[in-house]
Amino acid sequence: MAAVAKKERLRVRLRVAVRDSILEAAERAIVEEGLEGANLVSIARRAGVAVGTIYNYFVDRQELFRELFMTRKTELVTALDVGMKDVARAPFEKQLETFALTFLETYDARRDFMRVVMGSEPLRLQMMCDRAGRLRSVLHELQSRAERVMRVGVHEKRFREAEVPLLASVFTGILRGVVLTLLEQKGSLADAAPRVVELFCHGAT
């Protein structure tokens, strides 16, 4: 029984590894060839698998891209959850900076891919949608997590509970603006995190 269980675990790990390599290959293909040029032949070549192998994991090219976008969005949300857990008892501005730093570091890590996504309206819309095609997916996840941080500010009597949704939207809007403005420039996006917090808390002066 132990040998069978071990074999099954190895099989699952192998399947996950192959799936991940296909997703990474799809990302590289989109970066290097654009959305239209990133066909399954190109992706299979990059992943080192046969085209038929891709169909063992994804119904078609559209589903592959949808899963790629979902995986990258999950990475962002997971990174935020991990980062914020580490500062769960920290003061408001520390939590705010951790949120900004984690968000921007995640974009830094996938910078070439995100540059292509943000430069294409259809891709940007796909990236924001959930599997059902609803636009609320990532924006809703970011909003809810930013609201948790704003409630720390409420606890510190910086602002009122009624202002939480608006302030969370303003903060995440600043972060998205940083990405759109600086993505094409050299340097780390994450370097802007302290300034984002300063702007949010104290204004531009």
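Check the entry above for the structure.
Presented here is an overview of the structure given in this document. (Residues numbered from 1 in each chain as written. Predicted model: local features only at pLDDT ≥ 70, side-chain atom pairs only at ≥ 80, totals over all residues. Heavy atoms only, no water.)

A short note on the overall build of the protein chain
Looking only at helices and strands, the protein chain features ten helices and zero strands. Each helix and strand of the protein chain, ordered N terminal to C terminal, gives the series α-α-α-α-α-α-α-α-α-α. The principal-axis extents of the C-alpha atoms in the protein chain amount to approximately 60 × 45 × 30 Å. Split into buried and exposed, the 205 residues of the protein chain put 41% on the buried side. (Helix = DSSP H or I, 4+ residues; strand = E, 2+ residues; numbered from the N terminus. Buried < 20%, exposed > 50% of the residue type's maximum accessible area, 1.4 Å probe, protein only.)

Observations concerning helix α6 (residues 111–118)
Those residues of α6 that sit buried are Arg 111, Phe 113, Met 114, Val 117 and Met 118. For α6, the arc enclosing every buried residue in end-on projection is 155 degrees, short of the 170-degree limit, so these residues lie on one face. (Arc of directions from axis to C-beta.)

A short note on the nonpolar core
The biggest cluster of nonpolar side chains holds 58 residues, and the ones touching the most others in it are Ile 43, Leu 64, Phe 65, Phe 103, Leu 104, Met 150 and Phe 171. Of all the secondary structure elements, the ones that give two or more residues to this core are α1 (2–37), α2 (40–47), α4 (61–86), α5 (92–109), α6, α8 (137–155), α9 (164–182) and α10 (193–202). Broken down by element, this core gets its largest block of residues, eight residues, from α1. Beyond its immediate chain neighbours, meaning those up to four positions away, Phe 171 contacts Leu 96, Phe 99, Ala 100, Met 150, Val 196 and Phe 200. (Core = buried A, V, L, I, M, F, W, Y, C linked by side-chain atoms within 4.5 Å. Contact = heavy atoms within 4.5 Å.)

Remarks on the packing of α5 against α10
It is the contact of α5 with α10, at a shortest axis distance of 8 Å, that shows an interaxial angle of 135 degrees. If you check the angle between α5 and α10, you find them oblique. Classified by chirality, the crossing of α10 by α5 is right-handed. Between α5 and α10, the contacting residues are Phe 92, Glu 93, Leu 96, Glu 97, Ala 100, Leu 101 and Leu 104 on the first element and Ala 193, Pro 194, Val 196, Val 197, Phe 200, Cys 201 and His 202 on the second. Grouping the amino acids of the contact of α5 with α10 by side-chain chemistry returns eleven nonpolar, one polar and two charged. (Axes fitted to C-alpha atoms, helices over the stretch in contact; angles between N-to-C directions. Parallel < 35°, antiparallel > 145°, perpendicular 65-115°, else oblique. Left-handed = near helix turned anticlockwise from the far one by under 90°. Nonpolar A, V, L, I, M, F, W, Y, C, P; charged D, E, K, R; others polar.)

Describing the environment of Val 178
Tracing the sequence through the fold places Val 178 in helix α9. For Val 178, a relative accessible area of 13% translates into the label buried. Taking the C-alpha atoms as reference, Val 178 lies 40 Å from Ala 50; in sequence the two are 128 residues apart.

Description of the packing of aromatic side chains
By the definition in use, this model includes five aromatic pairs. Residues Phe 103 and Tyr 107 carry aromatic rings whose centres are separated by 4.9 Å and whose planes lie at 35 degrees to one another, so their mutual orientation is tilted. Here Phe 103 pairs with Tyr 107, and both are found in helix α5, just four residues apart, close to one helical turn. For Tyr 107, a relative accessible area of 12% translates into the label buried. Taken together, the ring pairs in this structure connect Phe 99, Phe 171 and Phe 200 into an aromatic cluster. Over the face of the ring belonging to Tyr 57 we find Arg 15, whose NZ or CZ atom lies 4.2 Å from the ring centre. (Phe/Tyr/Trp six-rings, centres within 6.5 Å; stacked < 30°, edge-to-face > 60°. Lys NZ or Arg CZ within 6 Å of the ring centre and 35° of its normal.)

Details of the pattern of salt bridges
Scanning the model with the defined rule gives 22 salt bridges in all. Residue Arg 72 is joined to Glu 27 by a salt bridge in which the shortest nitrogen-to-oxygen separation is 2.5 Å. Note that Arg 72 is positioned in helix α4 and Glu 27 in helix α1, a separation of 45 residues in sequence. As far as burial versus exposure is concerned, Arg 72 and Glu 27 are alike and both buried. Note that Asp 108 and Arg 111 form a salt bridge whose closest N and O atoms lie 3.1 Å from each other. Exposure remark for Arg 111: the relative accessible area of 13% places this residue in the buried category. In the salt-bridge network here, residues are joined through shared partners; they are Glu 24, Glu 27, Arg 72, Glu 75 and Arg 110. (Salt bridge = Lys/Arg side-chain N within 4 Å of Asp/Glu carboxyl O.)

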